[in-house]
Amino acid sequence: MPIKTVGVLGCGLMGAGIAQVSAAAGFKTIVLEVNEDVLKKGLGRIEKFLAGGVEKGKVTGEQRKTVLDNLSGTTKYADLKDCDLVIEAIIENVEIKKQAYAQVEAVVGPHCIIASNTSSLCITELGAATRRPDKVGGLHFFNPVPLMKLVEVIRALATSQQTHDTLMGFVQAIGKEPISAPDKGGFIVNRLLVPYLLDAIRCLEEGLGTAQDIDNGMKLGCGHPMGPLALLDFVGLDTTYYIANIMFDEFREQRFAPPPLLRRMVLAGHLGKKSGKGFYDYK
Ligand code: CAA
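Not measured: the values here are computed from a predicted model.

Q: Can you explain the packing of aromatic side chains? Please cite residues and give values.
A: Given two aromatic rings, one states the distance between the centres and the angle between the planes to describe the pair. Evaluation of the coordinates by the stated rule reveals two aromatic pairs. Relative to Phe 170, the ring of Phe 27 has its centre 5.1 Å away and its plane inclined at 55 degrees; by these criteria the two rings are tilted. Of this pair, Phe 27 sits in the loop between helix H1 (13–24) and strand E2 (28–32) while Phe 170 sits in helix H6 (residues 161–173), and the two are 143 residues apart along the sequence. In this pair, the class of Phe 27 matches that of Phe 170, namely buried. The interplanar angle of 35 degrees and the centroid separation of 5.3 Å between the aromatic rings of Phe 251 and Phe 256 together place this pair among those described as tilted. For Phe 256, a relative accessible area of 0% corresponds to the buried category. The ring of Phe 251 has Arg 191 sitting right over it, with the charged end atom 4.4 Å from the ring centre.

Q: Give me the lowdown on the packing of H1 against helix H3 (residues 61–70), citing residues and values where you can.
A: Packing of H1 against H3 leaves a shortest axis separation of 8 Å and a crossing angle of 110 degrees. Judged by the angle between their axes, H1 and H3 are roughly perpendicular. Of the residues in H3, those in contact with Gln 20, Ala 23 and Ala 24 of H1 are Thr 66, Val 67 and Asn 70. Of the residues in the contact of H1 with H3, the class split is three nonpolar, three polar and no charged.

Q: Describe the nonpolar core, naming the residues involved and giving the relevant values.
A: By size, the foremost hydrophobic cluster in this structure holds 32 residues, and its most contacted members are Val 6, Ile 46, Leu 85, Ile 87, Leu 139, Phe 141 and Phe 170. No other element matches the six residues that H1 contributes to this core. Apart from the residues within four sequence positions on either side, Phe 141 is in contact with Met 14, Ile 18, Val 21, Ile 87, Asn 117, Leu 150, Val 151 and Ile 174.

Q: Describe the site of the ligand, with residues and values.
A: Looking at the ligand, there are 20 residues lining it, with Phe 49, Lys 58, His 140, Asn 143 and Asn 190 nearest. Within the side chain of Lys 56, an N or O atom sits 3.5 Å from a nitrogen atom of the ligand. One of the backbone N or O atoms of Asn 143 is found 2.8 Å from a nitrogen atom in the ligand. In the complex, 64% of the free accessible area of the ligand, which totals 1,100 Å², lies under the protein chains. At the level of secondary structure, the elements contributing two or more residues to the shell around the ligand comprise helix H2 (36–55), helix H7 (189–206) and helix H9 (228–235). Here the element with the most residues in the shell around the ligand is H2; it accounts for three residues. Residues belonging to the shell around the ligand are distributed by class as follows: twelve nonpolar, six polar and two charged. Split by domain, the shell around the ligand shows at least three residues from each of two domains, domain 1 (5–182) and domain 2 (190–267).

Q: If you had to explain the state of the cysteines to someone new, which residues and values would you point to?
A: Taken as a whole, this structure holds zero disulfides when the rule is applied. Left without a disulfide partner, Cys 222 is nearest to the cysteine sulfur of Cys 203, which lies 12 Å away.

Q: Explain the sheet that holds strand E3 (residues 71–74) to me, using residue names and the numbers behind them.
A: Strand order in the open sheet made by the eight strands is E3-E2-E1-E4-E5-E6-E7-E8, with mixed pairing throughout. If you trace the sheet from one side to the other, it starts and ends with E3 and strand E8 (177–182), each paired once. Shown here is a sheet whose adjacent strand axes are inclined to one another by a mean of 25 degrees, direction ignored. Sheet analysis places strand E1 (residues 5–9) next to strand E4 (residues 85–88), joined by four bridges and oriented parallel. Bridge pairing in E4 places Val 8 opposite Ile 87. Of the strands in this sheet, E1, E4 and strand E5 (113–116) touch helix H4 (residues 94–105), which is tilted by about 160 degrees from E5.

Q: Explain unusual backbone geometry to me, using residue names and the numbers behind them.
A: Omega for the peptide link from Asn 143 to Pro 144 comes to 0 degrees, which places this bond in the cis form. In this structure, Pro 144 sits in the loop between strand E6 (136–141) and strand E7 (150–155). In this structure, Phe 187 is a non-glycine residue whose phi angle is positive, near 55 degrees. Residue placement: Phe 187 occurs in the loop between E8 and H7. Classification of Phe 187 as buried rests on a relative accessible area of 5%.

Q: Give a description of the side chain of Asp 233 that names residues and reports values.
A: As for its position among the elements, Asp 233 is in helix H9. For the buried residue Asp 233, which engages in no salt bridge, the nearest side chain bearing the opposite charge is Lys 277, 8.3 Å off. Within the structure, the side chain of Asp 233 is placed 2.9 Å from the backbone nitrogen of Phe 279, a separation counted as a polar contact. Ignoring anything within four residues of it in the chain, the contact list for Asp 233 reads Leu 271, Gly 272, Lys 273, Gly 278, Phe 279, Tyr 280 and Tyr 282.

Quick notes on the rules
- Residues numbered from 1 in each chain as written.
- Predicted model: local features only at pLDDT ≥ 70, side-chain atom pairs only at ≥ 80, totals over all residues.
- Heavy atoms only, no water.
- Phe/Tyr/Trp six-rings, centres within 6.5 Å; stacked < 30°, edge-to-face > 60°.
- Helix = DSSP H or I, 4+ residues; strand = E, 2+ residues; numbered from the N terminus.
- Buried < 20%, exposed > 50% of the residue type's maximum accessible area, 1.4 Å probe, protein only.
- Lys NZ or Arg CZ within 6 Å of the ring centre and 35° of its normal.
- Axes fitted to C-alpha atoms, helices over the stretch in contact; angles between N-to-C directions.
- Parallel < 35°, antiparallel > 145°, perpendicular 65-115°, else oblique.
- Contact = heavy atoms within 4.5 Å.
- Nonpolar A, V, L, I, M, F, W, Y, C, P; charged D, E, K, R; others polar.
- Core = buried A, V, L, I, M, F, W, Y, C linked by side-chain atoms within 4.5 Å.
- Near = heavy atom within 4 Å.
- Polar contact = N/O pair within 3.5 Å; in protein donor to acceptor, adjacent residues only side chain to side chain.
- Areas by Shrake-Rupley, 256 points an atom, 1.4 Å probe, with all protein chains shown as cover.
- Domains from an automatic or database assignment.
- Disulfide = S-S within 2.5 Å.
- Pairing = 2+ DSSP bridges.
- Lys, Arg positive; Asp, Glu negative; His and termini not counted.
- Salt bridge = Lys/Arg side-chain N within 4 Å of Asp/Glu carboxyl O.

Below is the structure:
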């Protein structure tokens, strides 16, 4: 069954971006949040990004209108009833995700695919909690979603070939590049990225260089758009700490172990850009 209507659970940083790119590609897109206030804030995030795009000459007035025409927000699961695909981008908590999937399954048709944007949780476990494990997979987007070209399409143990093919096709339809990855902690990108980010923190801990020097090293020496410590601030130190712990639990390898400085910064509330302070000051 072709995908026409897409539901997005969560309108935070990732959910808002996912809803935006889905609506921009012409899919009728309904984004769900827990209450009106959070929903309003999430939709405002999309409007702000579009306005910024128009200002920079990157988004035309017509493209902006397409997104806004195809997009609607709700706080009721019942409004997702016509969805052919529901992409979940809510809090990284297995139990809360399972409860959300049960609410989705109570309203959608049997053909509907459920895809998680999780960066580190086990998709096989999430699928096993549903009545349609063959129609559960992963769609892992990257921040900022409207600008990053890649989406990892995750195949869990029970994901059917048809579901996987449909998800690969959906990613192409929204103008992104899909790569197929198995359901193993961190998939492909975080398997490589997380040890690199953690190593940058270890370098700082050891006094190998200042944050600025470490970042400039990778930015100017290797052509990365951001240095690792600036990227950590951008992703969120709490998010990285959480992902690293899950990967360490899965593989029991030292390279995934969060360094002491990361834990302390999280405990101190220095979470990066979103808290105003991380390796750099944003106040
Ligand atoms: N609408 C449309 N286009 C926009 C826009 C908007 N609102 N805002 C910016 N753009 C465009 C810009 O015009 C620019 O386009 P060109 O390259 O054609 O000139 C491009 O987007 C980049 O924008 P900026 O010049 O304003 O900013 P920048 O050059 O500093 O890039 C960035 C910003 C894209 C974030 C870049 O720094 C980058 O790629 N950083 C790395 C991000 C990254 O690694 N993300 C992955 C994180 S890991 C993750 O998400 C997964 C996980 O599981 C943790």
